[in-house]
Each structure stands twice: as structure tokens, then as C-alpha cells.
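For reference, the chains in residue letters:
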Amino acid sequence: MSTRVLVADDEPITRQLCLEVLEGLGYATQVAETCSRALSVLEEGRVDIVVSDVQMPDGNGIDLLRTIKENHPGVDVLVMTGYGTISEAVEAVKLGAYDYITKPFKVDDFRRLVERLVERQRLTAENRLLREEVKTQRGFGEFVGTSAPMQKVYELILKVCDKRHPVLILGESGTGKELVARAIHSYGSLREKSFVPVDCGALTPNLIESELFGHVRGAFTGASQARAGLLAVAGGGTVLLDEIGELPVELQSKLLRALQEREVRPVGSNDAVPMQARTLAATNRDLEAAIEKGTFREDLYFRLNVVSIQLPPLREHKGDIPGLVQYFIYRLGGVEAGITGFSREALDRMMSYAWPGNVRELQNCIQHAISLGTGPFLQLKDLPATLQGHLKSKSQPDDPHTLEDLERRAILNALQSAGGDRLGAAKLLGIGKTTIYRKLKEYGLDDVATADLFRKTLS
Ligand SMILES: Nc1ncnc2c1ncn2[C@@H]1O[C@H](COP(=O)(O)OP(=O)(O)OP(=O)(O)O)[C@@H](O)[C@H]1O
Ligand SMILES: [Mg+2]
């Protein structure tokens with residue numbers, strides 16, 4: 001659907017100019033010569049943007065703006081002010097106008113301003129859709145998991161993705177830090193630009209320095225060609241400084257300077273190159289402990305940690321395990337290998353295991369099981385040796401169940417362990433209050449007495 005713009009101005013020349021630009025951009029337009037006409041157009045149908053003059057024959061554009069913000073909060077307003085009336089412009093912005101432009105203006109300036117606003121509206125609408133997606137069953141984008149701690153992560157991603165400030169992503173190994181960084185990049189306004197991950201831990205200090213900052217020809221032995229650093233190569237995109245906790249201290253100062261001055265100096269060069277990229281950093285290290293020990297610079301920590309996103313270890317959101325298992329079976333070619341589900345015993349084992357390697361370990365576990373399993377259900381014996389270790393005595397045979405059966409059973413087990421306390425069970429499962437109430441309803445367990453619960457678990 002094309003953007004609809006209402007131009008409210010009593011001067012025919014300005015109106016004409018605006019219409020030419022707006023129609024040239026493919027937007028649907030309407031005009032109003034007075035405030036009252038503008039308001040009735042707004043009442044009649046959908047308008048996305050109002051471009052309004054301040055001096056109108058029947059009133060003041062500022063009052064018009066106020067009414068629009070009150071009655072049509074979704075409509076953005078661009079204000080056109082006369083020369084020398086900057087105070088009106090400031091007031092308009094304070095009252096919620098998107099921006100102002102001073103008359104007479106250049107056609108190009110007006111076009112750019114409108115395009116910027118339309119782009120922002122598009123992103124806002126998209127984020128609204130994403131927010132809806134967060135609430136659906138599977139998860140969010142590439143993420144699987146609807147537990148409360150993961151919902152918190154998704155909300156933070158949506159909050160920071162359109163900003164330009166650094167974000168520090170924390171979490172144990174395999175919890176999905178890189179996935180978070182990619183999501184921030186691809187949901188934000190930089191998504192068309194490049195995403196450049198740099199592993200600060202994988203290389204020797206000299207190599208990382210030239211990887212990050214670049215070098216000139218002959219800067220050191222072996223530097224037969226000049227090379228641009230990744231901080232500059234990323235252009236206006238996103239750089240992920242992965243394993244930032246491993247960056248040698250001497251390079252930490254150089255990185256800090258680059259971030260502060262927004263320019264990088266290649267090794268062996270006196271000239272700085274501008275750096276425009278947004279920086280994200282990730283680590284599984286405890287940086288505050290590293291600061292105490294003197295192995296990480298506190299000032300760099302503050303610079304990177306404008307906002308931090310902490311990923312929960314898998315053992316703290318076990319309720320997401322059944323969904324993740326199912327997802328990995330599909331994604332890793334289980335269906336092609338004739339495997340469509342998993343046995344109750346295999347899931348019970350996966351639910352009771354601590355997953356020190358988190359989601360990545362679970363992914364490897366399913367990969368392993370698919371290559372060994374014969375289908376149609378993954379069995380306990382197909383799981384890797386690490387999960388075979390702590391056998392629990394279970395009398396039931398290893399028979400297949402549907403995902404619903406397994407979930408229902410997990411909920412019953414949790415309720416039983418929590419002595420019938422629904423919130424306690426939610427906590428055990430790593431799911432939120434609303435989710436457990438919804439699930440109990442779904443499985444017809446919402447008004448079952450505690451004693452019955454035990455009977456149901458055993459049946
Ligand atoms: N919630 C999730 N849903 C689906 N896949 C996930 C989820 N979390 C992680 N993964 C997958 O698990 C693997 C590990 O994730 P990722 O590489 O982002 O972890 P990491 O925290 O960066 O690990 P490390 O500290 O070892 O670098 C990836 O293949 C990723 O796609
Ligand atoms: Mg990683």
C-alpha cells in the first residue's frame with residue numbers, strides 16, 4: 001500500500017511544489033487549504049503523513065499539530081515554517097512533529113526529509129510485526145524458544161536494533177551470542193550493509209591488529225600488500241567484535257581510541273581512515289572480573305557496554321528444549337533420514353541433562369543422534385555418550401510420543417515436583433506465568449486438583 005500524504009498549506013505554489021515531489025516518489029496525495037479542511041480529511045480516511053504550514057487562514061499549524069497528535073497519534077507531521085520563525089519550529093518538534101523545514105526550501109531537501117520519514121515508518125511497522133512474531137509459538141526470527149528469559153532477549157534485540165550505539169552480548173559458550181548479533185544487524189536500519197564478524201581470540205596479537213585496523217605495504221615482514229582493516233571495510237554496516245575478552249590489552253587501547261575518534265590508523269600509517277560501522281561485542285568471559293585482574297580495560301568496557309544483552313544458559317530455560325529438539329531434527333536433515341520425532345525417554349534424558357555447551361551442544365547432540373538413529377523416532381541409545389552417563393532408573397519402555405504428549409508430561413512432572421504449585425512448576429520449566437496458565441488450559445489441566453495430578457502423571 002502506498003504512503004498517503006496530506007499537504008496542508010494555503011499557498012498554491014508551495015502546495016504544487018510538495019505535490020510534485022511526493023507524487024514523484026509514488027505517494028498518494030491530498031491537499032487542504034485550511035486547518036479545518038485538513039482535520040476533515042484526517043477524519044475521512046487513512047493518512048500516514050501530514051505536511052503542514054504554520055500560518056493558515058483559519059488558525060495556527062501548531063494547534064493543528066496538537067489536535068493531530070491527540071486524535072491521530074499514528075500520523076507523523078512535518079512542519080513547514082517561514083523564515084525567521086525558528087521558535088515555532090522548535091515548539092512543533094517538542095509537540096511531537098517529526099521534523100521541520102524552513103521555507104523557501106530546496107526540492108531535494110524536502111524529498112530527503114520525506115524519504116527519511118517514510119523509511120522510519122516502514123521500520124516501525126516491521127518491528128510491530130516482529131513483536132507479534134515474538135508472541136507466537138516457535139520463537140523469533142531464527143530463534144527457537146518462547147520461555148520468559150528468551151522473550152526478554154527478543155525484546156532487547158528489538159529495542160536496540162534501530163539504534164547506532166554499541167551493544168555488549170554476554171553469555172556462556174553456545175548460548176546464541178552470534179545469532180543475537182546477526183539479528184540486531186538484520187532487523188535494524190543497517191541490514192542492507194555488511195555484517196562483519198571479527199574473532200578477537202583466534203589470531204596472534206599482530207595478526208588481529210592488522211585484521212582490525214589494516215596495514216600499509218611493508219608495515220612488517222610479510223606485508224607485501226597494503227590491506228584495509230575490517231573496522232573500515234565494514235563501512236556503514238555492523239562489526240561484531242567476537243570474543244572481545246581475548247583481545248590483548250595493548251590492542252584494547254588502540255580499539256578504544258578508534259571507537260572514540262571514529263577513525264582507524266592502519267599499522268605503519270600516519271593517516272587515519274574514517275570508521276562508520278556500528279560495533280557489537282560478544283564474550284563468554286566475565287569482563288568485570290577481568291577488569292579486577294587488570295586484563296581488561298575498564299574504559300573500553302564502558303564504551304562497549306552501552307546496553308548489554310545477557311543470554312541465559314540452556315539449563316535455565318529447559319522448557320525450550322522440546323521445541324529446539326524438533327527444530328534441529330528438521331533443520332539438520334532428520335526428515336530426509338527418516339526421523340520425525342523422538343522418544344519420551346530420549347527427551348526425559350535431554351530435559352534432565354545440564355547442557356554445559358548450551359544450544360550448540362544440543363544441536364551437536366541431535367546431529368549425532370540423526371546420524372546413528374534408524375527412525376522414525378530418536379531413541380535414548382542414539383544420544384551421545386555424555387548423555388548416556390547419568391542413567392535414571394525408569395521402568396517404562398522407550399516408546400514414541402508426540403510433541404504434545406511430551407510437553408503435557410513435562411508440565412505434569414514439573415507440577416508434581418513443585419507439589420502442585422503452578423508458579424513453581426513454571427519456574428522449573430523455565431517458562432513464564434502466562435505461558436503456564438495458557439498451557440494448563442490447552443491440556444485441560446487448569447482446574448485439576450493436586451491429588452488428581454499425581455494420578456494423571458502415573459496414568
Ligand atoms: N535460541 C536458538 N534457537 C535456534 N538456534 C539457536 C539458538 N541459540 C543458538 N542457536 C544455534 O546454536 C549455535 C550456537 O550459537 P552461537 O554461535 O550464536 O553461540 P555463541 O554464544 O556465539 O557461542 P560461542 O561462545 O561458542 O561463540 C548456532 O548454530 C546457532 O544458530
Ligand atoms: Mg560465538
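Residues numbered from 1 in each chain as written. Chains lettered and ligands numbered in written order. Predicted model: local features only at pLDDT ≥ 70, side-chain atom pairs only at ≥ 80, totals over all residues. Heavy atoms only, no water.

Caption draft 1: Examining the overall build of the protein more closely. Of regular secondary structure, the protein possesses 20 helices and 20 strands. For the protein, the C-alpha radius of gyration of 29 Å lies well beyond 23 Å, the compact-globule estimate for 459 residues. Taking the principal axes of the C-alpha coordinates as reference, the protein spans close to 85 × 70 × 45 Å. Looking at the protein as a whole, 47% of its 459 residues are labelled buried. For the protein, the exposed surface amounts to about 22,600 Å²; the carbon and sulfur share of it is 52%. Across the protein, the mean location of the 56 positive side-chain charges is 4 Å away from that of the 62 negative side-chain charges. (Helix = DSSP H or I, 4+ residues; strand = E, 2+ residues; numbered from the N terminus. Rg over C-alpha atoms; globule rule 2.2 N^0.38 Å. Buried < 20%, exposed > 50% of the residue type's maximum accessible area, 1.4 Å probe, protein only. Areas by Shrake-Rupley, 256 points an atom, 1.4 Å probe, with all protein chains shown as cover. Lys, Arg positive; Asp, Glu negative; His and termini not counted. Charge placed at Lys NZ, Arg CZ, Asp CG, Glu CD.)

Caption draft 2: Layout of the site of ligand 1. Taken together, the neighbourhood of ligand 1 is formed by 19 residues, with V144, G174, K177, R360 and Q363 sitting nearest. A distance of 2.9 Å is found between a nitrogen atom of ligand 1 and a backbone nitrogen or oxygen belonging to V144. With respect to ligand 1, the backbone of G176 contributes an N or O atom lying 3.1 Å from an oxygen atom. Relative to its free-state accessible area of 630 Å², ligand 1 is covered by the protein chains to the extent of 88%. Taken together, the elements giving at least two residues each to the shell around ligand 1 come down to strand 9 (143-144), helix 7 (177-187), helix 13 (321-331) and helix 15 (358-372). Each of domain 2 (139-310) and domain 3 (316-458) accounts for three or more of the residues forming the shell around ligand 1. (Near = heavy atom within 4 Å. Polar contact = N/O pair within 3.5 Å; in protein donor to acceptor, adjacent residues only side chain to side chain. Domains from an automatic or database assignment.)

Caption draft 3: Molecular detail of the nonpolar core. Counting 41 residues, the largest nonpolar core has M350, W355, L362 and I366 as the members making the most contacts within it. Within the residue set of this core, elements represented by two or more residues are helix 13, helix 14 (344-352), helix 15, helix 17 (403-417), helix 18 (422-429) and helix 19 (433-442). For I366, the residues in contact, after removing those within four places along its chain, are V325, F328, I329, L332, M350 and L378. (Core = buried A, V, L, I, M, F, W, Y, C linked by side-chain atoms within 4.5 Å. Contact = heavy atoms within 4.5 Å.)

Caption draft 4: Inspection of the sheet that holds strand 6 (residues 76-81) at higher detail. Strand order across the open sheet formed by five strands is 2-1-3-6-7, with parallel pairing between neighbours. Among the strands making up the open sheet, the edge pair consists of strand 2 (28-32) and strand 7 (99-102). Neighbour to neighbour, the strand axes of the sheet diverge by 20° on average, direction disregarded. Here strand 3 (residues 49-53) runs beside strand 6; their pairing, made up of five bridges, is parallel. Counted as the bridge partner of V50 is V77 from strand 6. Each of strand 6 and strand 7 is contacted by helix 4 (residues 86-94), which is oriented at about 160° to strand 7, the strand it contacts most. (Pairing = 2+ DSSP bridges. Axes fitted to C-alpha atoms, helices over the stretch in contact; angles between N-to-C directions.)

Caption draft 5: Local environment of the pairing of strand 17 (residues 278-283). Of all six residues in strand 17, six are buried, a share of seventy percent or more. Of the pairings in the sheet, the one linking strand 14 (residues 238-242) to strand 17 comprises four bridges and is parallel in character. Across the sheet, T238 pairs through a bridge with R278, a residue of strand 17.

Caption draft 6: Fine view of helix 19. Along helix 19, the positions that sit buried rather than exposed are T435, I436, K439 and L440. Here the buried residues of helix 19 occupy an arc of 130° about the axis, which is enough to place them on one side. Seen from the buried face of helix 19, the exposed residues on the opposite side, beyond 90 degrees, are K433, T434 and K441. (Arc of directions from axis to C-beta.)

Caption draft 7: Main features of the domain arrangement of the protein. The domain boundaries assigned to the protein delineate domain 1 (4-124), domain 2 (139-310) and domain 3 (316-458). Using only C-alpha atoms to locate each centre, domain 2 and domain 3 end up separated by 36 Å. Buried surface at the junction of domain 2 and domain 3, summed over both partners, amounts to about 920 Å²; 52% is from carbon and sulfur atoms. If you sort the residues of domain 2 by the area they bury against domain 3, V144, S147 and G174 come out on top, with a joint share of 46%. Applying the counting rule to domain 2 against domain 3 returns zero salt bridges. (Buried area = accessible area lost by both parts, 1.4 Å probe. Salt bridge = Lys/Arg side-chain N within 4 Å of Asp/Glu carboxyl O.)

Caption draft 8: The arrangement of the packing of aromatic side chains in detail. This structure, assessed with the given rule, holds five aromatic pairs. Seen from their ring centres, F105 and F110 are 5.3 Å apart, and the 25° between their planes marks the pair as stacked. Among the residues examined, F110 registers a relative accessible area of 0% and is labelled buried. With a centroid separation of 5.3 Å and an interplanar angle of 50°, the aromatic rings of Y327 and F328 are classed as tilted. Residue F328 is classed as buried on the basis of its relative accessible area, which comes to 3%. (Phe/Tyr/Trp six-rings, centres within 6.5 Å; stacked < 30°, edge-to-face > 60°.)

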